[in-house]
Amino acid sequence: MRDNTRLIHGYEVFDEQTGASSIPIYQCSTFKQTSIRQDQPYTYSRFGNPTRRALEEGIASIEGGRFASAFSSGMGAISAVLLSFSRGDHLVMGKSIYGGTFQLVNEVLQRFGIKVSFVDETDLDQWRQAIRPNTKALYLETPSNPLLQITDITSVVSIAKESQLTTIIDNTFMTPLLQKPLELGVDLVIHSATKFINGHSDVVAGLVVTDDPEWAEQIKLQQKVLGSMLGVEDCWLIMRGMKTLGLRMQQSCQSAEAISHFLAKQPQVRNVYYPGLPSHPGYAIHQKQAKNGGAVLSFELANQQAVYSFADAVKLPIAAVSLGGVESILSYPVTMSHACVPKEEREKQGVTEGLLRLSVGIEETEDLLGDLAQALEKIDQ
Ligand SMILES: *Cc1c(COP(=O)(O)O)cnc(C)c1O
């Protein structure tokens, strides 16, 4: 079965009891037991629920792992993974990881005695050199946000394996359709399902997938005791959204590629960051590990004034944080994702006042290109 078929038939999508064409929302906290003498598959919805189970089997099937857990947010999923480590453990992470993860690490994990080193994720020597005797895991995110830098997954996995370390990846930007880290040897895959997997900017959710039974048991325990499992209505909505993931990605990625090529030729645009452009420094590595450049790109205008004129003139993309919706989303990292990062540090990272990020939706490519073109013309040169 290929991915687009798997999205529709690769898990228990239909209800065994009634034949209903979508798994029902089992809106219950508890389950009537056949007998108090024995256990049964479902007893209490925090421990397990058939609607949640269906979503978990669905994502496991597409990501290519045997086990998955659904959480109330991407951060819920990331917390469940990272709180599996113990006092005295050390982790190595890419320095451009998601802002919420960075905050979790610095403001919570370090307080519990879990140490973290950050490395330039594109430099394999830095990953290797950061490993200490108490290092337990390497944590990466590729492409990175918002500059879409590429980390070589296979090489990071082999560095981890030399020292028997776990590898963890946040695969939100690529989705399981474009990049399958478990096949490349990664142990745990995390998604903010809020983004492309749900795809409609109407649910916040997170997922963890693994093929390792011990990790699966650990993550299930965290889900149960931290209590951050996803509610049944949201599980149903994510499944509803996920069925069209293939079609949505096809349209969005095709437009993102066309937009990147278009922007790269415009005099008002200083830089385009998109791993599907052959001029991108990570292009060759990205081609090796992912199907295409994805649906997110960033580009740099001359300065903040140019950004404001452009953003005021653009009509289709909504100005918002987040990404991965059916509607195109334009984000300004300086006042949104990177507002808390000191200016000097932000600029060192390449997040300048001219930088914009565009998550490309499923609108007609020509309409998006036309809209961006007219908005660029509004910038006073
Ligand atoms: C949005 C996002 C998260 C956090 O997910 P939430 O669902 O907002 O909790 C984590 N990682 C990446 C890469 C994201 O884009």
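Everything below is about the structure shown above.
Before going into details, it helps to say that this report is about the structure given with it. Values in this document were obtained by computation on a predicted structure and should not be read as measured data.

**Remarks on the site of the ligand**
Residues in contact with the ligand amount to 14 residues; listed here are only the nearest, Gly74, Met75, Asp170, Thr194 and Lys195. Between a nitrogen atom of the ligand and a side-chain N or O atom of aspartate 170, the distance comes to 2.6 Å. In this structure, threonine 194 approaches the ligand through a side-chain N or O atom, which is 2.6 Å from an oxygen atom. Of all the cavities here, the one that holds the ligand is the largest pocket. The leading source of residues in the shell around the ligand is helix α3 (residues 74–82), at three residues. Considering only residue class, the shell around the ligand consists of six nonpolar, five polar and three charged.

**Some remarks on the layout of surface pockets**
Empty space within the largest pocket amounts to approximately 940 Å³. Per-element tally for the lining of the largest pocket: the top contributor is helix α4 (residues 99–109), with six residues. Each of domain 1 (3–242) and domain 2 (245–380) gives at least three residues to the lining of the largest pocket. Put simply, the second largest pocket is a space of about 240 Å³. As for the second largest pocket, its lining consists of 14 residues, of which Leu148, Tyr273, His280, Pro281 and Gly282 are closest to the centre. Classifying every residue of the lining of the second largest pocket by side-chain character gives nine nonpolar, five polar and no charged. Summarising the domain contributions, the lining of the second largest pocket has at least three residues from each of domain 1 (3–242) and domain 2 (245–380).

**Looking at the packing of helix α10 (residues 245–264) against helix α14 (residues 365–377)**
Contact pair α10 / α14: the axes reach a minimum separation of 10 Å and the direction vectors enclose 30 degrees. When the interaxial angle is binned, α10 and α14 end up roughly parallel. Pair α10 / α14 crosses with right-handed handedness. Side by side, α10 and α14 meet where Gln251, Gln254, Ser255, Ala258, Ile259, Phe262 and Leu263 of the first sit next to Thr365, Leu368, Leu369, Leu372, Ala373 and Leu376 of the second. Tallied by class, the residues present in the contact of α10 with α14 amount to nine nonpolar, four polar and no charged.

**Structural notes on the pattern of salt bridges**
Here the structure, examined in full by the defined rule, presents 14 salt bridges. A salt bridge links arginine 6 to aspartate 3, with the shortest nitrogen-to-oxygen separation between them at 3.9 Å. Separated by three residues within a single helix, arginine 6 and aspartate 3 lie in helix α1 (residues 3–9), roughly one turn from each other. Aspartate 3 sits in the buried class, given a relative accessible area of 19%. Here lysine 348 ties to glutamate 345 by a salt bridge, and the two come within 3.4 Å at their closest N and O atoms. One end of the pair, lysine 348, and the other, glutamate 345, are both in helix α13 (residues 343–348), three residues apart, so they sit about a helical turn from each other.

Thresholds, definitions, all that
Residues numbered from 1 in each chain as written. Predicted model: local features only at pLDDT ≥ 70, side-chain atom pairs only at ≥ 80, totals over all residues. Heavy atoms only, no water. Near = heavy atom within 4 Å. Polar contact = N/O pair within 3.5 Å; in protein donor to acceptor, adjacent residues only side chain to side chain. 1 Å grid on protein atoms, 1.4 Å probe; cavity = no way out; pocket = protein on both sides within 12 Å on 5 of 7 lines; lining within 4 Å. Sits in = over half its atoms within 2 Å of the grid points. Helix = DSSP H or I, 4+ residues; strand = E, 2+ residues; numbered from the N terminus. Nonpolar A, V, L, I, M, F, W, Y, C, P; charged D, E, K, R; others polar. Points joined across faces, edges and corners; volume = space filled by probe spheres on them. Domains from an automatic or database assignment. Axes fitted to C-alpha atoms, helices over the stretch in contact; angles between N-to-C directions. Parallel < 35°, antiparallel > 145°, perpendicular 65-115°, else oblique. Left-handed = near helix turned anticlockwise from the far one by under 90°. Contact = heavy atoms within 4.5 Å. Salt bridge = Lys/Arg side-chain N within 4 Å of Asp/Glu carboxyl O. Buried < 20%, exposed > 50% of the residue type's maximum accessible area, 1.4 Å probe, protein only.

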